[in-house]
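Spelled out, the chains give:
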Amino acid sequence: MERLISGQDVVVATGPSSGKTLAMALPIVAALAEDPTATALLLYPMKALAQDQLGKWTELARALGVEGRVDVYDGDTPSHRRPRLRAEGQILLTNPYALHQYLEWHHRWAPFFKGVRYVVVDEGHWYRGVFGSGVALLMRRLGRVLARYGADPTYAVASATTGDASLLGERLLGRPVAVVDRDGSPQGARTWWAWDPDLDPERSPFVQAVDLCRFLVRQGSQTLAFLPSRRMAEALAQAVKERLPEGATPDSGSSSAVASYRAGYRPEERRELERGLREGTLRLVASTCALELGVDVGGLDAVVLVGYPGSVASVRQQAGRAGRSGRDALVVYLPQENPLDRYFLRRPRELAEGKVEVPVLNPRHKELAVRHLLCAAAEFPLRRDELPLLGAEEEDATSLEKAGLLAAIPNGWSYAGRVRPAEAVSLNALTARQVQILVAGEVLETWDEHRARREAFPGAVFLHQGEAFRVRSLDLEPGIAVAEPSTDGLTTKALTLEEARIERAPSGAASDLGLGTVSIRETIPAYKVLDRGRVVDVRPLDLPPVEFTSEGVWLTWGRDGSTSRSGSQYRDLTLATPSPGGLHGAEHALVALVPLIALCEPGDVGGVSSVHHPDTGRPTVLVYDAFPGGIGIAPLLYARVRDWVARTVDLLSSCPCQEGCPRCVLSPRCGSGNQPMDKGAAWALLAAWLAAHDG
Amino acid sequence: MPPRDRMRNRAYNSGVDEKRYLASLARAFGGAGVAPAIPPAAPVPLGAGEEVPTAYGPCLALVSAHPARLAFPDRSLSTEAVAQAFSLLFGIGPVREGGLRAAGARTFADLAAHPRYGPQARGWLSALARGDLALLHDGISRRFSPSHDLLLHLLAFADREDLVFLDIETLGLSSLPAFLIGIGRLNGDGIEVRQYLARTLGEEPAILSALREELPPQPIVISYNGKAYDWNHLRGRCAYHGLGPLPEPVHLDLLFFARRRWGGELHDCSLGAVERAVLGVERELDVPGEYVPALYENYLRTGSAASLLPVIAHNREDVLTLTRLLSVLLDRVTRPG
């Protein structure tokens with residue numbers, strides 16, 4: 001708080017309900033109450049969140065005597081109210097999508113922009129990957145526009161617990177920040193259980209989850225269960241309901257005390273649910289990850305995590321719903337069948353206390369930077385000295401001039417395109433060309449072409465806020481994919497064949513490890529159809545390959561299986577020749593554990609292995625960032641390679657299977673059917689690499 | 001994936017193919033594109049114009065003189081017209097006005113001693129006597145629609161030199177560059193049209209600056225849809241280039257008057273339609289507005305003015321049409337009764 005008052009930029013990264021909002025809001029609102037000409041701009045990742053938070057800010061502003069208006073200003077604000085809000089608003093809540101559009105109209109915002117003393121970015125952990133990189137560039141544009149109006153605000157980022165909060169803040173804001181991560185909230189003891197479904201082979205993991213929840217409810221524990229999809233959440237709620245007696249005492253639970261929750265509920269419905277949980281009339285809620293964010297449900301007795309939610313950060317957020325206000329609570333982790341889930345089954349301590357992933361975002365992404373450079377150029381003419389701020393170089397500006405998108409003016413450039421750049425640039429898309437996913441004629445989501453080609457092939461099933469949709473057709477030329485709700489519960493997985501060539505590698509790096517630019521060619525020869533995780537069909541596809549340039553990390557071995565360095569105690573641990581099966585297994589396991597290091601989805605990286613890679617001339621495993629241009633995953637893997645490989649070795653040595661299983665080296669996405677595969681050799685190769693690398 | 005020989009056989013382009021990449025960007029953002037390899041055989045020159053130096057570099061001014069007949073309203077008649085509009089006073093609606101008239105009040109002068117409306121009425125009388133155009137315009141705009149005849153009466157108080165007939169050409173709606181600013185100024189018995197042209201987009205600050213230097217301190221802007229578009233656009237572009245705000249004009253947007261006057265008969269109140277129906281002017285070979293950006297870009301790309309000359313002519317015609325249209329509109333308010 002003192003930091004904010006003294007004008008220092010901060011990231012507040014603490015667990016849920018730790019009083020983040022209040023800690024930030026108090027000094028800000030107090031300052032605005034003292035100076036009616038000062039204003040604050042608050043960014044929430046979604047419209048609904050801004051609406052949710054408006055009440056708190058209004059209340060606080062009124063209590064401290066802020067004179068100006070406190071309101072939400074976004075795409076839903078009626079146009080007749082806008083001029084007044086711009087003129088008289090003192091605290092305005094908006095979202096990045098809206099701000100992205102407004103910056104160009106800065107002269108209309110002059111009264112507000114002149115006064116901006118604070119910029120608050122709430123839910124900072126949301127800003128990762130493509131969206132995060134886009135927002136990071138947007139923040140640089142905002143800073144530039146504000147500076148032209150003479151405002152030099154203090155920035156405050158509020159985030160859930162995150163791996164490296166100062167890195168997140170610095171990437172997001174483009175300036176160094178102080179970190180506040182002391183959690184002042186009262187907390188009781190939390191007991192963590194890791195539940196191994198294998199111990200009861202008679203019942204499926206899902207049935208075990210149902211029984212567990214029922215047990216907890218009958219024990220009198222108010223319970224929140226997190227499931228990967230809406231379908232599973234509803235099925236769990238239904239199954240528990242059926243097994244509970246009607247009209248029992250509220251404490252032991254009756255069928256009416258069970259509900260499911262997902263995204264897209266109306267605010268009233270959400271309030272109803274929040275109230276039910278707070279007042280204790282609801283005893284079990286089965287939810288998708290939607291409850292992770294911005295919903296105030298009070299403290300619960302138990303949280304059940306069915307499946308690893310994709311990041312330790314999410315686990316902490318979900319587990320944080322248990323046991324507030326000093327009461328003891330229980331967190332149960334019930335894994336599904338994949339390497340990440342299994343990894344944590346053996347190491348529940350890492351869920352509870354281990355390091356949290358570093359969110360990846362890459363404001364230096366060339367293509368993104370160039371597009372935001374055009375947006376910035378449309379806001380104010382670009383001065384030559386502003387290029388580095390926006391992650392661009394002089395040659396970028398001159399090629400844009402060549403393309404007729406910038407026009408040279410004295411000491412800089414002005415925007416010369418025919419389309420408003422803010423309209424042409426989506427904060428969510430990596431490539432300029434986009435595909436709209438239409439459901440019943442309405443746009444459900446907009447994907448960039450790259451993602452659409454990989455994930456929206458005809459027949460593909462995808463989740464939108466926990467709801468399943470199936471793609472009927474994909475037409476890249478107008479950029480439209482038509483989809484329909486899918487109710488049969490089937491899911492799909494694309495099989496992928498990958499090739500990678502190394503374009504540029506910085507010289508002087510260790511020869512057993514590399515980081516550089518790679519060209520990727522991905523082919524999707526077929527996709528699997530799964531029914532509750534079981535493959536029921538494999539359907540061929542005839543799609544052109546997806547080619548792009550990105551960043552990759554590669555590990556290499558000597559011909560005889562040793563690495564280039566000598567002197568290691570593991571020198572005897574050599575194999576005759578690194579076998580294709582061993583390298584393939586190492587690649588799969590490494591790819592599977594990338595999300596432990598970098599906060600991303602499993603499909604955000606791909607891998608290639610080869611006994612003789614043409615560009616290294618050695619046995620090689622290469623893992624690449626699957627976003628064109630790279631979203632920052634590869635440099636992070638490179639920086640934390642030891643941790644990454646060590647954890648992979650650990651996974652391989654602790655998995656009880658003999659030949660390799662879906663929990664370690666078998667990948668459901670493998671285009672060559674997981675052949676050849678040699679788990680033992682994979683372990684030996686990685687262990688040897690690690691030993692040599694350390695030596 | 002396991003090693004495969006096909007990988008060795010494939011040759012990749014190194015890095016991103018820059019030309020393709022720039023072309024795709026130009027498509028997405030609508031850039032003018034790269035100049036073609038072969039320039040046209042004989043570039044058409046722009047024609048006579050004078051280079052104007054400004055604080056932001058030079059631009060081209062194309063100047064032409066034209067006859068213009070504009071009869072301004074008579075000051076005493078207009079003063080009378082304003083002074084009779086009781087509903088300009090806050091608190092007076094149709095009912096109260098009827099009552100006051102029945103009691104014998106005819107103009108503000110008769111209300112000057114009224115206990116409730118006296119102060120307002122005296123304020124109006126004094127503004128009329130001083131000919132305080134800005135104040136009168138502000139007061140009338142506050143109570144009446146922007147197409148009210150009283151606003152035309154205001155020209156009786158105007159200095160003819162303060163009139164600025166304005167029309168601009170841009171690369172598109174909303175905050176895209178302007179490249180041609182046409183303004184008409186009355187002089188003697190004619191009108192001089194000055195068109196400031198940005199020969200490259202880099203000259204946009206120069207044409208904006210030239211306009212600012214040309215504008216009188218209290219301009220009376222006459223435009224067609226200029227409140228929503230031209231003036232607004234110029235304001236945005238000046239803010240973009242950091243030129244400081246434009247003066248706050250008395251603005252008569254003839255689109256509003258045209259809609260009120262002819263909207264019933266004409267479904268389309270575009271300047272072209274009104275011009276044909278009301279003025280009987282049929283332009284030869286006019287440029288449809290939607291082609292203007294493409295024509296200018298063609299000029300930027302080729303350096304040949306062949307495609308630009310029709311745009312310049314179109315803009316000049318638009319400015320002249322404003323004077324003719326205003327003249328027709330004024331006919332009614334200047335004719336007594």
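Each residue is numbered by its place in its chain's sequence as written, counting from 1. Both sets of labels track the order of writing: A upward for chains, 1 upward for ligands. Local features in this predicted model are restricted to residues of pLDDT 70 or higher, and side-chain atom pairs are both shown and tallied only at a pLDDT of 80 or more, whereas totals for entire chains, interfaces and linings draw on every residue.

Novice: A description of the overall build of chain B should follow, citing residues and the corresponding values.
Specialist: A helix here means a DSSP run of H or I that spans at least four residues, while a strand means a run of E at least two residues long, and both kinds are numbered starting from the N terminus. Scanning chain B from N- to C-terminus turns up 14 helices and seven strands. Distance between backbone-placed C-beta atoms decides contact: two residues are in contact if it is within 7 Å. Partitioning the intrachain contacts of chain B with sequence separation of at least 6 by distance along the chain shows that 68% fall at a separation of at least 24.

Novice: Just give me the short version of the domain arrangement of chain B, but keep the residues and values in it.
Specialist: Source of the domain bounds: an automatic or database domain assignment. You can read the domains of chain B as domain 1 (50-72 + 158-332) and domain 2 (75-132). The C-alpha centroid of domain 2 of chain B is placed 37 Å from the C-alpha centroid of domain 1 of chain B.

Novice: How would you sum up the pairing of strand S7 (residues 250-253) of chain B? Please name residues and give values.
Specialist: All names here are of chain B. Any residue with 12 or fewer other C-beta atoms within 10 Å of its own C-beta is exposed, any with 20 or more is buried, and the rest are partly exposed; the C-beta atoms used are placed from the backbone. Because side chains alternate across S7, one face comprises the buried residues Val250 and Leu252, and the other comprises His251 and Asp253, equally buried. At least two bridges found by DSSP between two strands is the condition for calling them paired. Taken together, the four bridges between strand S6 (residues 220-223) and S7 define a ladder with parallel strand orientation. Across the sheet, the residue bridging to serine 223 is aspartate 253, located in S7. Place the viewer so that the strands point away; then a crossover is right-handed whenever the path from the first strand over the helix to the second strand goes clockwise. The β-α-β motif built from S6, the intervening helix H10 (residues 230-240) and the parallel element S7 has right-handed crossover chirality.

Novice: Could you give an account of the sheet that holds strand S15 (residues 382-383) of chain A, naming the residues involved and the relevant values?
Specialist: Residue and element names in this part refer to chain A. Read from one edge of the open sheet, three strands run S15-S17-S16, paired in antiparallel fashion. Looking at which strands have only one partner, the edges of the open sheet turn out to be S15 and strand S16 (406-409). Across two bridges, S15 lies against strand S17 (residues 412-415) in antiparallel orientation. For arginine 383, the partnering residue across the bridge sits in S17 and is glycine 412.

Novice: Account for the sheet that holds strand S6 (residues 154-159) of chain A, naming residues and giving values.
Specialist: All names here are of chain A. Across the sheet, which stays open at both edges, the seven strands sit in the order S3-S4-S2-S5-S6-S1-S7 with parallel pairing between neighbours. On the outer flanks of this sheet lie strand S3 (69-72) and strand S7 (178-180), each paired with one strand and no other. Strand-to-strand twist of the sheet, defined as the mean angle between neighbouring strand axes without regard to direction, takes the value 15°. Two elements, strand S2 (residues 39-43) and strand S4 (residues 89-94), share four bridges in a ladder whose sense is parallel. What sits directly across from leucine 42, in S4, is leucine 93. Every angle, taken between N-to-C directions, lies between 0 and 180 degrees, and every axis is a line fitted to C-alpha atoms, over only the stretch in contact when it is a helix.

Novice: Please provide a residue-by-residue account of the confidence of the model for chain A, values included.
Specialist: The predictor rates its confidence in each residue with pLDDT, a number between 0 and 100. Averaged over all residues, the pLDDT of chain A is 86; the fraction at 70 or higher stands at 91%. When the criterion is pLDDT under 50, residues 564-576 of chain A qualifies, and its contacts beyond four places in sequence or with other chains add up to 28 contacts.

Novice: Explain the pairing of strand S22 (residues 480-485) of chain A to me, and be specific about the residues and the numbers.
Specialist: Residue and element names in this part refer to chain A. Here strand S18 (residues 434-439) runs beside S22; their pairing, made up of four bridges, is parallel. Bridge pairing in S22 places leucine 438 opposite valine 482. Two strands pair when backbone bridges link them, and strand S21 (residues 467-475) and S22 are joined in this way by six bridges, in the antiparallel orientation. Looking at the pairing, valine 471 lines up with alanine 483 of S22.

Novice: If you had to explain the domain arrangement of chain A to someone new, which residues and values would you point to?
Specialist: On domain assignment, one finds that chain A holds domain 1 (2-180), domain 2 (190-359), domain 3 (377-418), domain 4 (434-488) and domain 5 (493-694). Of note, the centres of domain 1 of chain A and domain 4 of chain A, computed from C-alpha atoms alone, are 33 Å apart.

Novice: Describe in detail unusual backbone geometry, supporting the description with residues and values.
Specialist: Residues and elements named next belong to chain A. Following glutamine 675, the chain continues into proline 676 via a peptide bond in cis, with omega recorded as -15°. Following the sequence through the fold, proline 676 ends up in the loop between helix H22 (641-654) and helix H23 (679-694). Even without a glycine there, the phi angle at glutamate 123 is positive, about 55°. Positioned with a positive phi, asparagine 674 is a non-glycine residue whose angle comes to about 60°. The topology assignment puts asparagine 674 in the loop between H22 and H23. Residue class for asparagine 674 comes out partly exposed when judged on the 19 C-beta atoms lying within 10 Å of it.

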